[in-house]
Structure formats: C-alpha cells, structure tokens
Amino acid sequence: MKEFIYLDNAATTKVRPEVVEAMLPFFTEVYGNASAVYEFGQECKRAIEHSRDTIAASLNTAGANIYFTAGGSESDNWALKGVAEAYKDKGKHIITTKIEHHAILHTCEYLEQHGYEVTYLDVDENGLVSPEDVEAAIRPDTILISVMFANNEIGTIEPIKEIGAIAKKHGVLFHTDAVQAYAQIPIDVEEMNIDLLSASGHKLNGPKGIGFLYIRRGLKIRSFIHGGAQERKRRAGTENVPGIVGLGKAVEIAMATMDERIKQESELRDYFIQRIEKEIPYAKLNGHREKRLPNNINFCFRFIEGESMLIMLDMAGICGSSGSACTSGSLDPSHVLLAIGLPHEIAHGSLRLTLSAETTKEQLDFVADKLKEIVDRLRSMSPLYEDFVKKNEK
Ligand SMILES: *Cc1c(COP(=O)(O)O)cnc(C)c1O
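All values derive from a computational prediction rather than experimental measurement.

Novice: Could you clarify how one ought to interpret the overall build of the protein in this entry?
Specialist: When helices and strands are tallied, the protein shows 14 helices and twelve strands. Based on the C-alpha atoms only, the size of the protein along its principal axes is roughly 80 × 55 × 35 Å. Classification of the 394 residues of the protein by burial places 57% in the buried group. The long-range share in the protein, meaning contacts at least 24 apart out of those at least 6 apart in sequence, stands at 73%. Summed over its atoms, the accessible surface of the protein is roughly 17500 Å², and 53% of this surface lies on carbon and sulfur atoms. Of the side chains in the protein, 45 bear a positive and 57 a negative charge, and the two mean positions are spaced by 2 Å.

Structural data, given as structure tokens:
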C-alpha cells in the first residue's frame, strides 16, 4: 500500500500491535465458551473479567457495572431505549442536544415515534451546551438526560460534571456518549455523577465491533438482547472473547499513555491551528479553542466545497474528513456545524483532521503546505471568491 498520512482518527483508529497480540490466542488456542464449566472455558471467563475490571478501574467504578456490547451505536441504543422502557411509568420525556451522534439522534426519533417526547437543546457558537438550559428543560416527567462527553466533529468537550450534578439534584438519570472522550481525557463516573456511559473499542486503537455500556448499580434498564445469562442476563449472546480481550488491552495502554498523549497531541493540534490561521485567509476554527479534544482540528474555509478539498487531499495521500463518516456521501451539511450557527454555504466547506499518537510535526507541516495549495487552487476557480476579494479591497 502506498504511504499515506492518516488524520481521521475520530472515524476509526489503527489497532495497536500489542492489542492484536493479546487477542490472537483467543481465536485458535483459548477458544472455549466462557459459560462452560471446564477449565478451558473458565480461562476465557477470567480473561473477560480481567478486561471488565481494567475498564471499570479507568472510570472509577466496579466491574459489575460494565456491560460489553458490539460498539458505541449499540451502547447508545441500549441506554436510551432501555431506560425509556424501564422508566415509562415515571415519564416519557428525554433531554438531549442538537449535536449528538446519529446513534443518539436517530434513537430519539425512534422513541418519538413510540410516544416519547424529546427536547433537543441548542448549543452556543463553540458547541457548548449550557447547564442552565439543561436544568430549565427538566420537567416532572423527565426520565433521562443524554449529553455527549465530547463532540465527534468539532471536538468540543461538554460541561459533563455540571450537568451530572443537575441531573442528580433533580433525580433524573444521566447518560453520556463518551465514544470520543473515553480513554482520551480523564473520566470519573462518581465525581461526574454519570449513570450510563457509552464507549467503543475502535475509537481507541482497539478492535471494531466491541464496546461497552457502563450502567450504574441499582438502575433499572430493559435487557438489550434476550437469550442466555451472559452480561448478567442483560445482553445475551456468547461473548466476543477476542474483542473483549483486545478492548481491555487497548484501554490499559490508552490509560497508561493518556497524560503523555494529551500533551503531545494538543501541542501538535495548536501548532497546526496556528499555522492555518496565519497562512490561510478566511479560515475559521470550529469548536471551542480550549475545551477541545487534544486530537481534534476542524476548520471551515470560505468559498470551498468540502468534498473537493477532501478529494484533492486524498490525491496527496492525506486522509481527512468533512465531518462525520456517517454524513459523508450525503449532500446535507453537518447538523453539528448548522447547530453552531454556520450558514449552509460555509458549513459545506469544512475539514476535520484528527490526530493520533503517531502523528508527527513533519506530517502536519506537509499537510498544511498542501492545504494552502489546495485552498488557493479551489478559490482561484471560484467566481464568488473573486467578487468577494474585489469587494473587500475597495
Ligand atoms: C463513532 C461514534 C459512535 C458510534 O460508535 P460505533 O462503535 O462505530 O458504533 C457513537 N458516538 C460517537 C460520538 C462516535 O464518535
């Protein structure tokens, strides 16, 4: 395969070699069923529980509160539908935001079709949800608040601790989609009063198709899959043992390297942002400047069409994204960029670059140089840009 620069780590990440190595024996050697009584099956069981405990410790909770799922989307679906059904006698109102991932938004739409009411909170121009707005939206029939920990497109980190305190004060459950934030920045479910939390393996250098839902002890929730007794009868199905082991290993490494990665990635992020702001006119940073994931860069370039920019970057061997992987391929601008108040024509010209621990300054310099060329070229073909510059010169 030809050399390329991968800057789409919010879409998915490379599985670490140590993770693959940890998984391999569970395909061909220790392949027993974890529910079996013989030692061979019990070895799998121990490996699963080891992963569960590693994950629990990373969130400051107990292993019994971690439930393995097939990824972030499943965890989000389960949290919302499971709580909605279990608490429907208390009420049918849910509070969320306009900038959630589609795994949340489309689940909310589904619930609306089934008699639930959903309040979609606005965010400010930086993508921040206001805790006051959350509090004001609470009604006697509110059963759940779901606010993402950090946004997957613009990287904004939400005031989760404040929202958790409000939820607790009003006796409303609080779920957070932490797929982008988990194992990237510190999370403590006790300190932050989080009742449910979704995470996914492939966003943190683990395998695809595995994730988990943290569910606070004592909370009622409908089982997601009915069948065997796996996952305390709440999510049946023979365990994805290699996936679970891989996820555990990825979490172990991510937690051990977190501080170092935060420092390294945020320095590179800020270096790149500075270069772009200095060298490319009419470029606008999207998302909050400080309350931002260490690896997220998101810009709008006026008079540029995002897709053309991505294709030209791809020709230069650079993988970026114009928003979320789920909306690319559709012509609609991102719902997140519209929610922070960008007009349609500007929201179309966005570029998201998300770094990894392997990203280097040399790579980012190369990307910045290319990007400058590409933006220049595309603007030189735009009559709108020509008019705009003429007007501005007057
Ligand atoms: C990727 C992502 C998801 C979906 O996770 P999958 O494991 O791909 O199903 C959900 N929420 C956010 C914020 C994400 O970034």
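Now, onward.
Novice: What exactly am I supposed to notice about the nonpolar core here?
Specialist: If you look at soluble globular proteins, the nonpolar side chains tend to sit buried side by side. Counting residues in each nonpolar core, the largest one holds 66 residues, and the members touching the most others are Ile145, Phe149, Tyr182, Ile187, Ile194, Leu197 and Phe212. Take this core: its biggest share by element is eight residues, from helix α8 (residues 241-256). With near-sequence residues (within four places) excluded, Tyr182 lies in contact with Ile55, Ser58, Leu59, Ile187, Ala199, Leu204, Phe212 and Val251. Membership of the second largest hydrophobic core comes to 27 residues, among which are Ile280, Ile318, Leu351 and Leu378.

Novice: Teacher, can you tell me more about the site of the ligand here?
Specialist: Surveying the vicinity of the ligand reveals 13 residues, the closest of which are Ser73, Asp177, Gln180, Ser200 and Lys203. Between the ligand and the protein, one listed contact pairs an oxygen atom with a side-chain N or O atom of His202 at 2.8 Å. In the model, an oxygen atom of the ligand is placed 2.8 Å from a nitrogen or oxygen of the Lys203 side chain. Broken down by class, the residue content of the shell around the ligand amounts to two nonpolar, eight polar and three charged.

Novice: What exactly am I supposed to notice about the pattern of salt bridges here?
Specialist: Applying the stated rule across the entire model yields 26 salt bridges. Residues Glu231 and Arg52 are paired through a salt bridge, measuring 2.8 Å at the closest nitrogen-oxygen approach. Of this pair, Glu231 sits in the loop between β8 (211-215) and α8 while Arg52 sits in helix α3 (residues 39-59); the two residues are 179 residues apart in sequence, bridging distant segments of the chain. Arg52 matches Glu231 in its accessibility class, with the two residues each being buried. Ionic pairing is found between Asp141 and Arg139, a salt bridge with its closest N-O pair at 2.9 Å. Owing to a relative accessible area of 29%, Arg139 belongs among the partly exposed residues under this scheme.

Novice: Is there a simple way to think about the sheet that holds strand β10 (residues 296-301) in this case?
Specialist: Hydrogen bonding along the main chain pairs the strands of a sheet, whether they run parallel or antiparallel. The three strands lie next to each other as β9-β10-β12, forming an open sheet whose pairing is antiparallel. With one partner strand each, in any of the chains shown, β9 (283-285) and β12 (350-354) form the two edges of the open sheet. Across this sheet, the average inter-strand angle for adjacent strands is 25°, counted without regard to direction. Sheet topology places β9 next to β10; three bridges connect them, and they run antiparallel. Within the sheet, the bridge partner assigned to Lys284 lies in β10 and is Cys300. Against the sheet, helix α10 (residues 306-315) touches β10 and β12, its axis set at about 45° to β12.

Novice: Just checking my understanding: could you explain the packing of helix α9 (residues 258-279) against helix α13 (residues 361-380) for this structure?
Specialist: Describing two packed helices takes the angle between their axes plus the distance from one axis to the other. Packing of α9 against α13 brings their axes to within 10 Å, and their N-to-C directions diverge by 20°. Here α9 lies roughly parallel to α13, going by the angle between them. Two packed elements cross with a definite hand, and for α9 against α13 that hand is right-handed. On α13, the residues touching Leu268, Tyr271, Phe272, Arg275, Ile276 and Glu279 of α9 are Lys361, Leu364, Asp365, Val367, Ala368, Asp369, Leu371 and Lys372. For the contact of α9 with α13, the per-class residue count stands at eight nonpolar, no polar and six charged.

Novice: Sorry, what's going on with the layout of surface pockets here?
Specialist: Any space left empty among the atoms is revealed by the rolling of a water-sized probe across them. Looking at the largest pocket, its volume works out to about 560 Å³. As for the largest pocket, its lining consists of 29 residues, of which Asn9, Asn205, Ser356, Ala357 and Glu358 are closest to the centre. The set of elements that each furnish at least two residues to the lining of the largest pocket consists of β1 (5-6), α1 (17-23), α8 and α9. The residue makeup of the lining of the largest pocket, split by class, is twelve nonpolar, ten polar and seven charged.

Novice: Quick question: what am I supposed to make of the sheet that holds strand β6 (residues 173-177) here?
Specialist: An order of β2-β8-β7-β6-β5-β3-β4 is seen for the seven strands of this open sheet, with the pairing classed as mixed. The open sheet terminates on both sides in strands that have one partner only, identified here as β2 (66-69) and β4 (117-121). Averaged over all pairs of adjacent strands, the angle between their axes in this sheet comes to 20°, without regard to strand direction. Sheet analysis places strand β7 (residues 196-200) next to β8, joined by five bridges and oriented antiparallel. Bridge pairing in β8 places Leu197 opposite Tyr214. Sitting on the sheet, helix α7 (residues 160-170) touches β5 (142-146) and β6, and the angle it makes with β6 is about 155°.

Novice: Whenever I open this one, the packing of aromatic side chains confuses me. Can you help?
Specialist: Geometrically, a pair of aromatic rings is defined through the distance of the ring centres and the angle of the planes. Under the defined criterion, the tally for this structure stands at nine aromatic pairs. For the ring pair Tyr67 and Trp78, a centre distance of 5.8 Å and an interplane angle of 85° mean the geometry is edge-to-face. Highlighted residues: Tyr67 in strand β2 and Trp78 in helix α4 (residues 72-86), separated in sequence by eleven residues. Grouping residues by exposure puts Tyr67 and Trp78 together as buried.

Calculation criteria
- Residues numbered from 1 in each chain as written.
- Predicted model: local features only at pLDDT ≥ 70, side-chain atom pairs only at ≥ 80, totals over all residues.
- Heavy atoms only, no water.
- Helix = DSSP H or I, 4+ residues; strand = E, 2+ residues; numbered from the N terminus.
- Buried < 20%, exposed > 50% of the residue type's maximum accessible area, 1.4 Å probe, protein only.
- Contact = heavy atoms within 4.5 Å.
- Areas by Shrake-Rupley, 256 points an atom, 1.4 Å probe, with all protein chains shown as cover.
- Lys, Arg positive; Asp, Glu negative; His and termini not counted.
- Charge placed at Lys NZ, Arg CZ, Asp CG, Glu CD.
- Core = buried A, V, L, I, M, F, W, Y, C linked by side-chain atoms within 4.5 Å.
- Near = heavy atom within 4 Å.
- Polar contact = N/O pair within 3.5 Å; in protein donor to acceptor, adjacent residues only side chain to side chain.
- Nonpolar A, V, L, I, M, F, W, Y, C, P; charged D, E, K, R; others polar.
- Salt bridge = Lys/Arg side-chain N within 4 Å of Asp/Glu carboxyl O.
- Pairing = 2+ DSSP bridges.
- Axes fitted to C-alpha atoms, helices over the stretch in contact; angles between N-to-C directions.
- Parallel < 35°, antiparallel > 145°, perpendicular 65-115°, else oblique.
- Left-handed = near helix turned anticlockwise from the far one by under 90°.
- 1 Å grid on protein atoms, 1.4 Å probe; cavity = no way out; pocket = protein on both sides within 12 Å on 5 of 7 lines; lining within 4 Å.
- Points joined across faces, edges and corners; volume = space filled by probe spheres on them.
- Phe/Tyr/Trp six-rings, centres within 6.5 Å; stacked < 30°, edge-to-face > 60°.

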